[in-house]
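Structural characterization, general
Here is how the chains run, residue by residue.
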Amino acid sequence: MAQITLKNIAHSYMDAPSEEADYALKEVDHVWRDGEAYALLGPSGCGKTTLLNIVSGLLRPSHGRVLFGGEDVTDMPTAERNIAQVFQFPVVYDTMTVRENLAFPLKNRGIEAQTITERVQRVAAMIGMEDELNRKARGLTADAKQKISLGRGMVRDDVNALLFDEPLTVIDPHMKWELRTQLKRLHGQFGHTMIYVTHDQTEALTFADHVVVMHDGRVVQIGTPEELFERPAHTFVGYFIGSPGMNLLPAEVRGDRAVIDGHEVMLGSGYDDLSGKVEIGIRPEFVRLTDEGGLPATIKRVEDVGRHRLVRAEVLGRPVNVIADEGGPLPSENAQVAFDPARINVYANDWRVEGRAA
Ligand SMILES: Nc1ncnc2c1ncn2[C@@H]1O[C@H](COP(=O)(O)OP(=O)(O)OP(=O)(O)O)[C@@H](O)[C@H]1O
């Protein structure tokens, strides 16, 4: 396994990029620590695959260097980087059996037969294909073929890193959960450095120790699932993570108060004067419906979503989502919303501002 360092990496698919907007990947400086599991999360087109392909060597970055351990691999082809990759669609040899497919990366490296048998058996158990080892891959479902791809990616234990690009797209939903759990367990056992690309927050948050959130070609936050939930560094993270995402309200911030259309809201921290676009962000989990002491609200819709209710309200002309207990009464008249001050984040021009302890 190796630590992977990205030094001032940026990439443009254009021949002569002249401005930041020309870069599919804006400058990123990041260390993927040895043995950790990372998810690269963001919507379609935000640059995840570009970043992953730079790590794997499928793409040479326009700027910057890639290091594996202390070695500069920027100009090294993929085949020499000693990585395992699993892509969105299965890559299997149809004429080989499942066993031969799984054994292929080990045979290629001249591993002795006994070790190959043991590893193939272990991986087959993990992907639930022990009974199909002697079947030819041809004729298997896409789902089964992708499991073989995953297994083949994980069969070696001497790779620098394991890279996954949306590997569960073709897998059926209940198997997705199963495979994700297996991957996480495998990571715990073998400590591979793993980078897992996905646009699905549940996949990212359940799989990874650290989630790298990308937006519009830029890494906007690298954090634990808890950090992304509690302290989104950018309004995009607040909006993208969570179900539904964070509420945002334009405000003026004065010390430890926010003022929204003349209404004061207590904050958990104090702030210096802020300029530009200033907003407060509060997750629906930390908004409470009340009938006094809050901001005036109109309840637009109530959705029953299992263990709680999702209340869609309008507050001072803005949509605000509230997660409310299933059983509790909802205010019928004079509805108001109150925010937990300690859970309010403050944003200037979309970036989170760290407050002083109040
Ligand atoms: N070969 C290419 N030539 C030109 N532009 C490209 C190329 N590959 C990607 N792009 C552009 O670069 C941007 C980032 O694409 P990238 O594939 O890295 O995003 P992504 O987050 O992986 O999206 P997806 O989940 O859809 O694969 C997009 O605007 C895309 O259109």
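Being a predicted model, the structure only gives us computed values, none of them experimental.

1. Examining the sheet that holds strand β18 (residues 318–325)
Backbone-to-backbone hydrogen bonds join strands into a sheet, with any given pair of strands oriented parallel or antiparallel. Strand order in the open sheet formed by five strands is β15-β19-β16-β17-β18, with antiparallel pairing between adjacent strands. Looking along the sheet, the strands with just one partner apiece sit at the ends: β15 (287–290) and β18. Averaged over neighbouring strand pairs, the angle between their axes works out to 45° when direction is ignored. Of the strand pairs in this sheet, strand β16 (residues 295–304) and strand β17 (residues 308–315) are connected by seven bridges, and their pairing is antiparallel. Looking at β17, one finds that Asp304 is bridged to Arg309.

2. Here we look at the UniProt feature "domain: ABC transporter" (unreviewed entry) in the protein
If you check UniProt for "domain: ABC transporter" (unreviewed entry), the listed places come out as residues 4–241 in our numbering. Secondary structure over residues 4–241 splits into 36% helix and 23% strand, and the C-alpha atoms at its two ends are 26 Å apart.

3. Points about the sheet that holds strand β3 (residues 37–41)
Taken together, six strands build an open sheet; the order of strands is β6-β7-β8-β3-β9-β10 and the sheet is mixed. Among the strands making up the open sheet, the edge pair consists of β6 (83–86) and β10 (218–223). Averaged over all neighbouring strand pairs, the angle between strand axes comes to 15°, with direction disregarded. Where strand β7 (residues 161–165) lies against strand β8 (residues 194–198), four bridges are found, and the strand directions are parallel. Looking across to β8, one finds that Phe164 is bridged to Tyr196. In this fold helix α4 (residues 142–154) packs onto β6 and β7, with an angle of close to 170° to the strand it touches most, β6.

4. Points about the domain arrangement of the protein
Interface size is commonly expressed as the accessible area that is lost once the parts come together. The domain architecture assigned to the protein consists of domain 1 (4–240) and domain 2 (247–357). When each unit is reduced to the centre of its C-alpha atoms, the spacing between domain 1 and domain 2 is 38 Å. Contacts between the two partners involve six residues from domain 1, matched on the other side by eight residues from domain 2. The class makeup of the residues in the side of domain 1 that touches domain 2 is two nonpolar, three polar and one charged.

The rules we used
- Residues numbered from 1 in each chain as written.
- Predicted model: local features only at pLDDT ≥ 70, side-chain atom pairs only at ≥ 80, totals over all residues.
- Pairing = 2+ DSSP bridges.
- Helix = DSSP H or I, 4+ residues; strand = E, 2+ residues; numbered from the N terminus.
- Axes fitted to C-alpha atoms, helices over the stretch in contact; angles between N-to-C directions.
- UniProt positions renumbered as here; feature names shortened; annotations may be inferred.
- Contact = placed C-beta atoms within 7 Å.
- Domains from an automatic or database assignment.
- Nonpolar A, V, L, I, M, F, W, Y, C, P; charged D, E, K, R; others polar.

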